[in-house]
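One letter stands for each residue in the lines below.
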Amino acid sequence: QVQLVESGGGSVQPGGSLRLSCAASSRAGEIGAMAWFRQAPGKEREFVAAIRWNGGRTYYADGVRGRFAISGDRANSAIHLQMNSLNSEDTAAYYCAAGIPILSTIRTIGGYRMWGQGTQVTVSS
């Protein structure tokens, strides 16, 4: 069974940076896009960023555009999320996802069929 494995979470002060990574444990078959979602305590899981393999187009949530950057290695089914200018609102468990979303579902949980276990990001002074 293919697994998505996240790494790179941790604690950082406001204004700091972190880089998350996610890789498939084995060849993950056909994947059209990979993405990051996050879930803060007491809140629903929300979209953060995605990258579509065909063409490399990237998508961002409004609250992270300009601060976060998603990049990917299609050959290895791996993605990274560079997070800069972090603030307390970015504190959450971050989840990697993979699937074949269509354009209307690329920002939705339902667009993805594989999920990682999550990595915690805590922004606190």
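Above this text sits the structure in question.
Calculation rules
Residues numbered from 1 in each chain as written. Predicted model: local features only at pLDDT ≥ 70, side-chain atom pairs only at ≥ 80, totals over all residues. Heavy atoms only, no water. Phe/Tyr/Trp six-rings, centres within 6.5 Å; stacked < 30°, edge-to-face > 60°. Helix = DSSP H or I, 4+ residues; strand = E, 2+ residues; numbered from the N terminus. Buried < 20%, exposed > 50% of the residue type's maximum accessible area, 1.4 Å probe, protein only. Lys NZ or Arg CZ within 6 Å of the ring centre and 35° of its normal. Pairing = 2+ DSSP bridges. Axes fitted to C-alpha atoms, helices over the stretch in contact; angles between N-to-C directions. 1 Å grid on protein atoms, 1.4 Å probe; cavity = no way out; pocket = protein on both sides within 12 Å on 5 of 7 lines; lining within 4 Å. Points joined across faces, edges and corners; volume = space filled by probe spheres on them. Nonpolar A, V, L, I, M, F, W, Y, C, P; charged D, E, K, R; others polar.

Caption draft 1: The packing of aromatic side chains, seen in detail. A complete count under the given rule lists four aromatic pairs for this structure. Judged by centre distance (5.6 Å) and plane angle (75°), the ring pair of Phe 37 and Tyr 112 falls under edge-to-face. Residue Phe 37 is located in strand β4 (residues 33–39), and its partner Tyr 112 is located in the loop between β9 (92–99) and β10 (114–115); the two are separated by 75 residues in the primary sequence. Judged by its relative accessible area of 1%, Phe 37 is buried. Positioned over the ring face of Tyr 95 is Arg 45, at 3.6 Å from the centre of the ring.

Caption draft 2: Here's a closer look at the sheet that holds strand β1 (residues 4–7). Taken in spatial order, the four strands make up an open sheet running β1-β3-β8-β7, and their pairing is antiparallel. Strand pairing shows two members of the sheet lacking a second neighbour, β1 and β7 (68–73), which therefore form its edges. Across the sheet, the mean angle separating the axes of adjacent strands is 15° when strand polarity is ignored.

Caption draft 3: Fine view of the pairing of β1. Burial of the side chains of β1 is restricted to one face: Leu 4 and Glu 6 are buried, whereas none of Val 5 and Ser 7 on the reverse face is. Bridge count for β1 against strand β3 (residues 18–24) is four bridges, and the pairing is antiparallel. Bridging from a neighbouring strand, Ser 7 pairs with Ser 21 of β3.

Caption draft 4: Quick look at the environment of Met 34. Looking at the secondary structure, you find Met 34 in strand β4. Residues Met 34 and Ile 51, 17 residues apart in the sequence, show an inter-C-alpha distance of 5.6 Å.

Caption draft 5: Up close: the layout of surface pockets. The computed volume of the largest pocket comes to approximately 210 Å³. In terms of lining, the largest pocket is formed by 14 residues, of which the most central are Arg 38, Ala 40, Lys 43, Glu 46 and Glu 89. For the lining of the largest pocket, the class distribution of residues is two nonpolar, five polar and seven charged.

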